[in-house]
Amino acid sequence: MNLLVTGGAGYIGSHMVRELVRAGHKVVVVDSLLTGHEDTIPKDVMFVQADIRDRSEVTEVLRAYDVGAIFHFASRIQVGESVSNPRLYFRDNLAASIELFESALDAKVTRIVFSSTAAVYGDPIRSPIDEDHPKNPVNPYGETKLAVERVLAAYDRAYGLRFAALRYFNAAGADAADGLGERHDPETHLIPLVIDAALGRRPHITVFGGDYATPDGTCVRDYIHVRDLAEAHLAALGYLNAGGASGAFNLGTGRGHSVREIIDAVERVSGRKVPVVHGARRDGDPPVLVASPRRAQDLLGFRAKRSSIDEIIRDAWAARTR
Ligand code: UDP
């Protein structure tokens, strides 16, 4: 069975491709290269530069390569941009996913592993967050991911298109040995920015808010190693292949780390000082976002193995200083 990875030249998608190749699967990548990097795609992996909206091309790829399942990563991912320019998100995340599912239905592909997000929950009313927590996204990014989950649920009931929606908490780290890392432009994520501040590539890291109701006043997040994420996707496919029911699964560790703890960890791992500036809160940041990883443990048999904060920072550092 061949597997299609949309967005396979992106940060998480490129790690997924490595994981699948390591596990002996045949992989086809479809990526528009709008934000992805072609140099991350291994030479022996089929690559088709296309937009997932291109129904005839994608359907042709699914048929020509006899694709059995789709890992769907292709997406816009910036929360702030989704607020200032939501049409990009409704068009490229929601409408484009619907086109991809049209191709899947046309080509009779019946399994989808979808890249979703903890942003579907909005501001948490309890912690840790389990999958039954109310879904009230507070930005268009989260809205579009939740909408795609709902499309999938309806298509599952009506057309038997089975799916696992994986709700990532904070993806971080890298497969440095393979030359992969986080390369967003612009970079907005905490860990690469703290590393850049330690390296002197930027003057400092600005801590967004120091007066939250958390132990040290800074925001707490659940960071999961991108290689653990990739492994979880493979576990989700195994679950669907074994007849598991469609559904959503949190991917996190169940442990939270504050912004301050991340800065301390970068200093500890690198032996360098991180210049810090204390800034205002960033709009829309919930104080604490921590997953309950129970359902993924129980149903997918998945447990994060590489997600201690020091291991994540070590790998992120190695990738960023290659
Ligand atoms: N953050 C920060 N300074 C930065 C970037 C991020 O203090 O320059 C904080 C942000 O407020 C959040 C945490 O770091 O509490 C993680 O942010 P990131 O953007 O990496 O991921 P998010 O949780 O928004 O998905």
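Residues numbered from 1 in each chain as written. Predicted model: local features only at pLDDT ≥ 70, side-chain atom pairs only at ≥ 80, totals over all residues. Heavy atoms only, no water.

A. Molecular detail of the packing of aromatic side chains. Tallied over the full model, the rule gives four aromatic pairs. An aromatic cluster of at least three residues, connected via ring pairs, comprises Phe101, Tyr155 and Tyr159. Positioned over the ring face of tyrosine 212 is arginine 281, at 4.0 Å from the centre of the ring. (Phe/Tyr/Trp six-rings, centres within 6.5 Å; stacked < 30°, edge-to-face > 60°. Lys NZ or Arg CZ within 6 Å of the ring centre and 35° of its normal.)

B. Broad picture of the nonpolar core. Ranked by size, the top nonpolar core spans 34 residues in total, and within it Leu20, Phe71, Leu166, Leu251 and Leu300 carry the most contacts. Every element with two or more residues in this core is listed here: β1 (2-6), α1 (11-22), β2 (26-31), β4 (67-72), β6 (162-168), α7 (226-241), β11 (247-251) and α9 (294-300). Looking at which element gives the most residues to this core, the answer is α7, with nine residues. Core analysis: the second largest hydrophobic core is formed by 28 residues, Val30, Val67, Leu100 and Val151 among them. (Core = buried A, V, L, I, M, F, W, Y, C linked by side-chain atoms within 4.5 Å. Buried < 20%, exposed > 50% of the residue type's maximum accessible area, 1.4 Å probe, protein only. Helix = DSSP H or I, 4+ residues; strand = E, 2+ residues; numbered from the N terminus.)

C. Representation of the pattern of salt bridges. Inspection of the entire model under this criterion finds 25 salt bridges. Of the charged contacts, one joins arginine 55 and aspartate 106 as a salt bridge, the two residues approaching to 3.0 Å between their closest N and O atoms. With arginine 55 in helix α2 (residues 55-64) and aspartate 106 in helix α4 (residues 86-106), this residue pair connects regions lying 51 residues apart in the sequence. According to the relative accessible area criterion, arginine 55 is partly exposed, its value standing at 32%. Exposure remark for aspartate 106: the relative accessible area of 29% places this residue in the partly exposed category. Note that arginine 268 is salt-bridged to aspartate 310, the shortest N-O span being 2.7 Å. Linking arginine 268 in helix α8 (residues 259-270) with aspartate 310 in helix α10 (residues 309-320), this pair joins segments that are 42 residues apart in sequence. Here arginine 268 falls in the exposed class, since its relative accessible area comes to 52%. Each of the salt bridges in this network shares a partner with another, and the network as a whole consists of Asp51, Arg53, Arg76, Arg91 and Asp92. (Salt bridge = Lys/Arg side-chain N within 4 Å of Asp/Glu carboxyl O.)

D. View of the sheet that holds β4. Taking strand neighbours across the sheet as the criterion, the seven strands line up as β3-β2-β1-β4-β5-β6-β11 in an open arrangement whose pairing is parallel. The open sheet is flanked by β3 (46-49) and β11, the only strands paired with a single partner. In this sheet, neighbouring strand axes are inclined to one another by 20° on average, regardless of whether the strands run parallel or antiparallel. As judged from the four bridges shared by β2 and β3, these two strands associate in the parallel manner. Pairing of valine 30 across the sheet is with valine 48, part of β3. Docked against the sheet, α2 engages β1, β2, β3 and β4, running at close to 130° with respect to β4. Sitting on the sheet, helix α5 (residues 140-159) is in contact with β5 (111-117), β6 and β11, with an inclination near 155° to β5. (Pairing = 2+ DSSP bridges. Axes fitted to C-alpha atoms, helices over the stretch in contact; angles between N-to-C directions. Contact = heavy atoms within 4.5 Å.)

E. Region of the structure containing the sheet that holds strand β14 (residues 288-289). One open sheet holds the three strands; their spatial order is β12-β9-β14, and the pairing between them is mixed. Only two strands of the sheet have a single partner each, and these edge strands are β12 (257-258) and β14. Relative to β14, strand β9 (residues 220-221) is paired through two bridges, and the arrangement is parallel. Looking across to β14, one finds that arginine 221 is bridged to leucine 289.

F. Here's a closer look at the packing of α4 against α5. The interhelical angle for the contact between α4 and α5, taken along N-to-C directions, is 20°, at an axis separation of 9 Å. If you check the angle between α4 and α5, you find them roughly parallel. The interaxial crossing formed by α4 with α5 has right-handed handedness. In this structure, α4 contributes Pro86, Tyr89, Phe90, Asn93, Leu94, Ser97, Ile98, Phe101, Glu102 and Leu105 to the contact, and α5 contributes Pro140, Tyr141, Glu143, Thr144, Lys145, Ala147, Val148, Val151, Leu152, Tyr155 and Tyr159. Split by residue class, the contact of α4 with α5 holds 15 nonpolar, three polar and three charged. (Parallel < 35°, antiparallel > 145°, perpendicular 65-115°, else oblique. Left-handed = near helix turned anticlockwise from the far one by under 90°. Nonpolar A, V, L, I, M, F, W, Y, C, P; charged D, E, K, R; others polar.)

G. How the structure looks around the site of the ligand. Taken together, 15 residues lie around the ligand, and Leu190, Thr206, Arg221, Arg282 and Asp285 are the ones closest in. One of the backbone nitrogen or oxygen atoms of leucine 190 is found 2.8 Å away from an oxygen atom of the ligand. Here threonine 206 contributes a backbone N or O atom positioned 2.7 Å from a nitrogen atom of the ligand. When the ligand sits alone it has 510 Å² of accessible area, and the protein chains cover 87% of it. Looking at the shell around the ligand, the elements with two or more residues in it are α6 (190-199) and β8 (205-208). Here the shell around the ligand takes four residues from β8, the largest share from any one element. Its residues assigned to classes, the shell around the ligand comprises eight nonpolar, four polar and three charged. (Near = heavy atom within 4 Å. Polar contact = N/O pair within 3.5 Å; in protein donor to acceptor, adjacent residues only side chain to side chain. Areas by Shrake-Rupley, 256 points an atom, 1.4 Å probe, with all protein chains shown as cover.)

H. Representation of the environment of valine 148 within the structure. In this fold, valine 148 is placed in helix α5. A residue is classified by how much of its surface remains accessible, and valine 148, at 2% relative accessible area, is buried. Apart from residues lying up to four places away in sequence, valine 148 is in contact with Asn93, Leu94, Ser97, Phe101 and Phe114.

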